[in-house]
Amino acid sequence: FNHGGFYFQDVDGQEPFIVSEFIIIYPKDLPLLFHERNLPVSAVITEDPATGLVTRRYTVERLPLVEREPMMPSRDAIFPMVKIVTPRTWNLVAAAAKDRHLSRTDTTYLVRETTARVLAAPGEGGAPAPRGTAGKLRRLYAWVNAEIESGSNGPTATLIEKRGDREDLFLTMCEAAGIPRKPAFCRAREQFHDDTWWETPNMSYFSDYSCNLFETEEGDIWLTVGPKFAPFGVLPYPLQGGTALVLDDVGGYEFRRLPARPDEEHVVRTATLLKVKPDATVSAQYEIRLAGLQGAGLKESAKDWDNNRKKNFGENALLRHFGAPREVALDFGDLKAFGQPFTFSAEFTMDRFARKNGAEVAVRNGLEPLMLTQRFVDRAQRQFPLYALSPLHREDAVLVQAEPGMTPAAPPPDLVLLTGFGHYSLHFSSGEEGVRIVRRLATDGMRVSPREYPQLIEFCRAIDRAEESRVTFTVR
């Protein structure tokens, strides 16, 4: 039994309640667990000896209307509630998950024949066919991603039509090759979650992502087939360092820590060259690079875009970053190249990016304003915590060059902020090439209490103030 939960307050914020009552009547010998959260009262429990029935009564009075706030925690973390379940064990949860998960593969003759042919083929440059488990995994993974488009067909139909569920096909080919695997159900790092009721085992606690653990001669390989161009063995960033519920062949389970990658493939990187003229006209070269899974997902979508779709994407991106550019030339690179990040670049000119005041030309620092105040702190105070659980990682480099006869003034002051909300730095330096600007921002899942909220306001405002600074040149 798993009762979805009774909430004593209006979770939709429509009306206040004068009184809210929840009554449970159940046999005395029925094992139940009562999960109580945010309750201002205790249950009144009575028992009828004649019938053996227990009555559990909750009464909560004068519940005000709740004004909802952006990025507030889940309703379970805020509202008074009671949830009822029957006790269960992780063994039962794992066994049920194993039955559902391992029934997916279908090793038909076509699957077995294709698997054998792919693994027997020589590698690039005449390299020998892979022998070890890790090499076979890489070969099958690369072949499935290169040859198969995303769709919903089963493994055999996918091979015939070259379109279908690539993960199902990959796992089926692994089975045909005799490669053992352990299904794993993954949970993101704890900062990306509300509090969890661990006393009641539930598969939903590990529903953020599913992958498979392959124990190879090169060590453990955690693998899933995500976007078509996804690098081998890369898990989504929130999962890195998280926890996995791993199933074995005989219905057992274990909890394992998921690996983290130190190469920061989740960082969005941009590079911009700004060339400034004495009349305050600016020409620009801009490039953005997205590696890892987010870049792979965007490449898989963009590879089928027509020219109009590419033009709309590029011009909208530039509009957000630079205002209204003109004479735009776009380049999306090779959208079908494996092992490469998603890259978008553009060349354009701008009339209003710099402003001229007498003999001075002031140029914006060239960075897309983060506008963190607008994003996170839309009010002076909060009643509830702020949960900004999505990571935000940026690294931007700008070089501002001026024509001969334009002398750069002293650059704006640097800024470095190291807080519990995240890290931010903005650095200026002048040299023969021009004025260089480097910005770095790293925020992971933030949980900000109402008491800490004023500090977050100041963190965001300090960043936004710094990004209003300009690089100034004097025209001789």
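In the block above lies the structure referred to throughout.
Every value quoted in this text rests on a predicted model; they were computed, and no experiment measured them.

Explain the sheet that holds strand E21 (residues 392-402) residue by residue, including any values.
Strand order in the open sheet made by the 8 strands is E16-E17-E15-E14-E21-E25-E24-E23, with mixed pairing throughout. For this open sheet the edge positions go to strand E16 (326-331) and strand E23 (415-418), each flanked by a neighbour on one side alone. Strand-to-strand twist of the sheet, defined as the mean angle between neighbouring strand axes without regard to direction, takes the value 10 degrees. Relative to strand E17 (residues 342-350), strand E15 (residues 282-290) is paired through 9 bridges, and the arrangement is antiparallel. Within E17, the residue paired with Tyr286 across the bridge is Ala346. Along the sheet, helix H7 (residues 292-302) contacts strand E14 (268-276), E15 and E17; its crossing angle with E17, the most-contacted strand, is approximately 75 degrees. Packed onto the sheet, helix H10 (residues 453-466) meets E23 and strand E24 (423-430) and runs at close to 160 degrees relative to E23.

Any chance you could break down helix H3 (residues 109-120) for me, citing the residues and the numbers?
For H3, which comprises 12 residues, the first-to-last C-alpha distance of 16 Å matches the rise-based estimate of 16 Å (1.5 Å per residue) to within 8%. Restricting attention to buried positions, one finds in H3 the residues Val111, Thr114, Thr115, Val118 and Leu119. Seen from one end, H3 has its buried residues packed into an arc of 125 degrees, which puts them on one side. Pointing more than 90 degrees away from the buried face of H3 are the exposed residues Tyr109 and Ala120. Residues of H3 that are buried sit in contact with helix H4 (133-147), helix H5 (155-161) and helix H6 (166-176).

Could you give an account of the nonpolar core, naming the residues involved and the relevant values?
Of all hydrophobic cores here, the largest spans 57 residues; its most connected members are Leu274, Phe344, Val363, Val400 and Leu456. Here this core gets 8 residues from one element, more than from any other, and that element is H10. The contacts of Leu274, once residues within four sequence positions are left out, are Val282, Ser283, Ala284, Met350, Phe353, Val363, Arg364, Gly366, Val398, Leu399, Val400 and Gln401. With 26 residues, the next largest nonpolar core counts Val111, Leu140, Val234 and Ala296 among its residues.

Just give me the short version of the packing of H3 against H6, but keep the residues and values in it.
In a packed pair of helices, the relevant descriptors are the angle between the two axes and the axis-to-axis distance. Running from N to C, H3 and H6 cross one another at 80 degrees; their axes reach a closest spacing of 9 Å. The angle between the axes of H3 and H6 places the two elements in the roughly perpendicular class. In contact with Val111, Arg112, Thr114, Thr115 and Val118 of H3, H6 contributes Thr172, Met173 and Ala176. Split into classes, the residues belonging to the contact of H3 with H6 amount to 4 nonpolar, 3 polar and 1 charged.

Requested: an account of helix H8 (residues 307-322), with residues and values cited.
Between its terminal C-alpha atoms H8 stretches 22 Å, which fits the 22 Å expected from 16 residues at 1.5 Å a residue. Among the residues making up H8, those that are buried are Gly314, Ala317, Leu318, His321 and Phe322. Taken around the axis of H8, the buried residues stretch over an arc of 100 degrees, which confines them to a single face. Away from its buried face by more than 90 degrees, H8 exposes Asn308 and Arg320.

Can you break down the side chain of Asn202 residue by residue, with the values?
Structurally, the position occupied by Asn202 is in the loop between strand E9 (182-187) and strand E10 (209-216). Within the structure, Asn202 has its side chain in polar contact with the backbone nitrogen of Ser204 (distance 2.8 Å). Setting aside chain neighbours within four positions, we find Asn202 in contact with Asn2, Arg88, Trp90 and Val93.

Lay out the sheet that holds strand E5 (residues 53-63) in plain terms, naming residues and giving numbers.
Spatially, the 3 strands line up as an open sheet ordered E2-E5-E4, and their pairing is antiparallel. The open sheet terminates on both sides in strands that have one partner only, identified here as strand E2 (17-27) and strand E4 (44-48). Pairs of neighbouring strands in the sheet enclose a mean axial angle of 20 degrees, with direction left out of account.

Criteria and cut-off values
Residues numbered from 1 in each chain as written. Predicted model: local features only at pLDDT ≥ 70, side-chain atom pairs only at ≥ 80, totals over all residues. Heavy atoms only, no water. Pairing = 2+ DSSP bridges. Helix = DSSP H or I, 4+ residues; strand = E, 2+ residues; numbered from the N terminus. Axes fitted to C-alpha atoms, helices over the stretch in contact; angles between N-to-C directions. Contact = heavy atoms within 4.5 Å. Expected span 1.5 Å × (residues − 1). Buried < 20%, exposed > 50% of the residue type's maximum accessible area, 1.4 Å probe, protein only. Arc of directions from axis to C-beta. Core = buried A, V, L, I, M, F, W, Y, C linked by side-chain atoms within 4.5 Å. Parallel < 35°, antiparallel > 145°, perpendicular 65-115°, else oblique. Nonpolar A, V, L, I, M, F, W, Y, C, P; charged D, E, K, R; others polar. Polar contact = N/O pair within 3.5 Å; in protein donor to acceptor, adjacent residues only side chain to side chain.

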